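Descriptive structure summary
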Amino acid sequence: MHTILSRLHVGLFLLLLCNSTNLWAHLLNMSEITAEIDAVSGELKMQMQLDVLTEMGSEQAYYKFAQMDPAQAQDAYREFLQKLTQAIEVHQADRIYPMSLDDIQLPAEYDLSDFHNGFVWPKTGFVFSASLLNKEPLTIRFNSDFVFEEPIALQIKLVDGNGDLIKRKSRWLVAQQLSPAFPLDQNFTPAIEPLDLAQIPTFITSGYLHILPKGWDHLLFLLVVFLSARSYPQLWRNISLFAFAHCITLSLGSYRAIEIPAYWVEIMITLSIGLSALMPLVMHYNDHRKALNTKWMDWFGSISVSIFGLVHGLGFAWSIAELDQSARQFLVSLGSFAIGLELAQLSFILILIVTLGRYKKQNPETYTKKVAPGLCLLALMVSLSWLAYIL
């Protein structure tokens, strides 16, 4: 058993360290797409900002693509670009319009190290066009033949002949999901946009996947919270405080009541993990030396978890804030996303209770003296390695 635990420690460390290159990718590198339709000419221009690392297969392959001349890239990567073009479906009634690639803006300003850095997200710009034949409502879908990093933040605009905005609609999508119908009639402007309740599962899923299995930063923090709890009542108290604080800054940040650059938010999140990992180590020292008041340490831990929950809530609020939706639809999106987050956190805590909690009950002395301090030390080391990536 001790050998298994030792291997678990090493495996966890290597797994988290290896994944430090894509910790926050599931939000910071989401696909950003704007479709603009000229109400007079019927011309559609679609601008995309895509992280194509996954589709390319490796950092080296993406860097090689980024360093090419755009004209040469269109020839050398013809199959790749054709795959992307065919993955875009613009629908009007029963018609699907073929898209034409007009331009590529390659992220040539980035070094190879940036493509390996988990806190830099080079995106490639693509410009497509099509000519619409009528004024039927428009829908758009991105099929899964091409890897679009999700969520796909889509904005559809209708402009007049001078380029002035008439109306627009924004949605988060996933691959294979059809966007809501967008009327092209300039005179069609409903007083109250109907709620798109079909978005609820999408936002719940996006929120869940933000934590489990992609959110290594949040998972590591929750692991440390679990390890620092002396009892299950204290654990649930700390998790509840974290979730409540999480929702506060998620809401405030989404409504732009608080705006902090993503770079500093990432630093604060990483520091929160490291500082939280120190807490169980201090308590382990306290168990041997009786140098600190245990009750005071428990309440200090709860306060720290609340503060760090505020920090973690800012880590993705900006992504929802970018959506230009009606107030009612925005509230539905925000609430659904938050539900997904909390369900994922609850799932991970239950996994920890079944695994580490069961082992603690069967081997309390080994868990207290070796397993918990060892995992916390590894969490501290991983957080320091992540901090090195940022700085």
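Residues numbered from 1 in each chain as written. Predicted model: local features only at pLDDT ≥ 70, side-chain atom pairs only at ≥ 80, totals over all residues. Heavy atoms only, no water.

Mapped onto the elements of the fold, S276 is located in helix α11 (residues 262-289). At 2.7 Å, the side chain of S276 forms a polar contact with the backbone oxygen of S272. Those residues in contact with S276, other than ones at most four positions away along the chain, are F221, V224 and F308. (Helix = DSSP H or I, 4+ residues; strand = E, 2+ residues; numbered from the N terminus. Polar contact = N/O pair within 3.5 Å; in protein donor to acceptor, adjacent residues only side chain to side chain. Contact = heavy atoms within 4.5 Å.)

All right, on to the nonpolar core then. Nonpolar side chains tend to gather and get buried jointly when the protein is soluble and globular. Membership of the largest hydrophobic core comes to 48 residues, with the highest contact counts inside it found for L227, L356 and Y367. Among the secondary structure elements, those contributing two or more residues to this core are α8 (199-211), α9 (216-228), α10 (232-254), α11, α12 (294-321), α13 (327-362) and α14 (364-390). Counting 43 residues, the second-largest nonpolar core is a separate cluster that includes M99, F126, F148 and I156. (Core = buried A, V, L, I, M, F, W, Y, C linked by side-chain atoms within 4.5 Å. Buried < 20%, exposed > 50% of the residue type's maximum accessible area, 1.4 Å probe, protein only.)

So, on to unusual backbone geometry. Across residues other than glycine, the phi torsion is negative in most instances, and most of the peptide bonds are trans. Non-glycine residue A93 carries a positive phi angle of around 55°. Assignment of secondary structure puts A93 in the loop between β3 (88-92) and β4 (95-97). We note that Q176 has phi near 80°; this positive angle belongs to a residue other than glycine. Take Q176: it is sitting in the loop between β9 (165-173) and α8.

Below, the discussion takes up the side chain of Q155. For Q155, the position within the fold is in strand β8 (residues 152-159). There is a polar contact of 3.5 Å between the side chain of Q155 and the side chain of K157. Separated by 3.1 Å, the side chains of Q155 and S170 make a polar contact.

We now examine the packing of aromatic side chains. For any two aromatic rings, the description comes down to two numbers: the centre-to-centre distance and the angle of the planes. Counted by the stated rule, this structure contains 11 aromatic pairs. Judged by centre distance (6.4 Å) and plane angle (80°), the rings of Y77 and F80 are edge-to-face. Residue class for F80 comes out buried when judged on its relative accessible area of 10%. An aromatic cluster of three or more residues is present, and its members are F65, Y77, F80, F142, F146 and F148. (Phe/Tyr/Trp six-rings, centres within 6.5 Å; stacked < 30°, edge-to-face > 60°.)

The quantities given are spatial measurements derived from coordinates; they are silent on function.
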